[in-house]
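# Remarks on the overall topology
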Amino acid sequence: MRLILLLVVLSLMSGCQNSKKNQEKKGLDTELNVIFETDMGNDIDDALALDMLYKYADQKKINLLAVSSNKNSEFSPRYINIMNIWYGYPSVEIGTVENGADSENGPRNYTQTVCEHLIDGKPEFKEEPGLFSESVRLYRKLLSKQADRSVVIISVGFSTNLARLLDSGADEFSDLSGKELVAQKVKFLSAMAGNFSENPPKKEFNILIDVPAARKVFNEWPTPIVVSPFAVGKSILFPGECIENDFQWAEHNPLVLGYKSYLSMPYDRPTWDLTSVLYAVERDQNYFSKSENGNITVDENGFTRFIERQDGNCVILSANPEQQERIKSRFIELITMRPKVFSKEK
């Protein structure tokens, strides 16, 4: 009788362990939870990258948890809000930076143009500002609710919010420090950052605008980091003719208006931020080659350096000419795709 009871107990214990393993595996393999960290408004590639994320969400490949702005501008989060509504994701929360780095690139940018665009004296696009929160608080709230290692953060702007997240302490959402919370909940960080191949070395914009934050993130981030550097996005141009010719189905489009107001048409634009989105969601499709593991250092002036180390947590992406053509074709395919909210097959 004792032997039977012992076997029953062992069976129950084994079942619990298998259940726990299955739950952990589920957190790794199910629909990807994504937080998009962006300096929306400095370059139009941020808007193109966000368009891709909506298309992936339409296809159930990702769950877009939030979009966080690290640009110190009222128009950056407002434009994100307009995009969320227009693409059919009005409930996606938006993070805002407080006292962020100064990155204004002139008296107007495309986000301001779209936000202030009028038709018959009325705003052309809808805004619902009730979903704005300070970014670090939003990160902690959202991360605390997710399965372990189930979130991918895609960072295509400054490191301000991420560095502050690492420095954050326990709060009503979690007893963990920011670094502990990231280590527990984040699978990896996909970042557009750094310039490693040009000679003489040049500084990269996302690093340069907030150097102390970039140094902290690359020194202290506790999960793997996959970096798409300046050279990759520079080598793949999104064709402006797509903007002019492939969006006739929508008379009022915040992406198209933003693109046309960013520079004088027609122009092709490097796809820096799009590459980090593509890798994060379709990393199994061999669009890119990867370096060996290593560490990225940022000096006090904003220059970046990659040093191979077997125990390093960073890898750097590259793309040969054949991969560049595949990537470009995929970008065009996704961005010219009609969003589900405008499709006949909803």
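Residues numbered from 1 in each chain as written. Predicted model: local features only at pLDDT ≥ 70, side-chain atom pairs only at ≥ 80, totals over all residues. Heavy atoms only, no water.

## What about the nonpolar core?
General note: in soluble globular proteins, nonpolar side chains tend to be found buried as a group. The biggest cluster of nonpolar side chains holds 65 residues, and the ones touching the most others in it are F36, M52, L53, I62, I154 and F288. Among the elements that line this core, the one with the most residues is helix α2 (residues 45-58), at nine residues. Residues in contact with L53, not counting those within four places in the same chain, are V34, F36, I62, L64, I154 and V277. If you look at the next biggest cluster of nonpolar residues, it comprises 32 residues, including L142, L165, W221 and I296. (Core = buried A, V, L, I, M, F, W, Y, C linked by side-chain atoms within 4.5 Å. Buried < 20%, exposed > 50% of the residue type's maximum accessible area, 1.4 Å probe, protein only. Helix = DSSP H or I, 4+ residues; strand = E, 2+ residues; numbered from the N terminus. Contact = heavy atoms within 4.5 Å.)

## Remarks on helix α9 (residues 211-220)
What α9 keeps buried is the set V211, A213, A214, K216, V217 and F218. A distance of 3.3 Å separates the backbone nitrogen of A213 from a side-chain oxygen at the start of α9, and that oxygen is part of D210. (Polar contact = N/O pair within 3.5 Å; in protein donor to acceptor, adjacent residues only side chain to side chain.)

## Observations regarding the confidence of the model for the protein chain
In the predicted model, the protein chain carries a mean pLDDT of 91, and 89% of its residues have values of at least 70. Every residue in residues 1-29 is under pLDDT 50, and counting partners more than four places away or in other chains gives six contacts. (pLDDT = per-residue confidence, 0-100.)

## Focus on the layout of surface pockets
Take a probe with the size of a water molecule and roll it over the atoms, and the empty space left behind shows itself. Empty space within the largest pocket amounts to approximately 220 Å³. Considering the residues around the largest pocket, the lining is formed by 16 residues, among which D43, E204, F205, N206 and W272 are closest to the centre. Considering only residue class, the lining of the largest pocket consists of six nonpolar, three polar and seven charged. (1 Å grid on protein atoms, 1.4 Å probe; cavity = no way out; pocket = protein on both sides within 12 Å on 5 of 7 lines; lining within 4 Å. Points joined across faces, edges and corners; volume = space filled by probe spheres on them. Nonpolar A, V, L, I, M, F, W, Y, C, P; charged D, E, K, R; others polar.)

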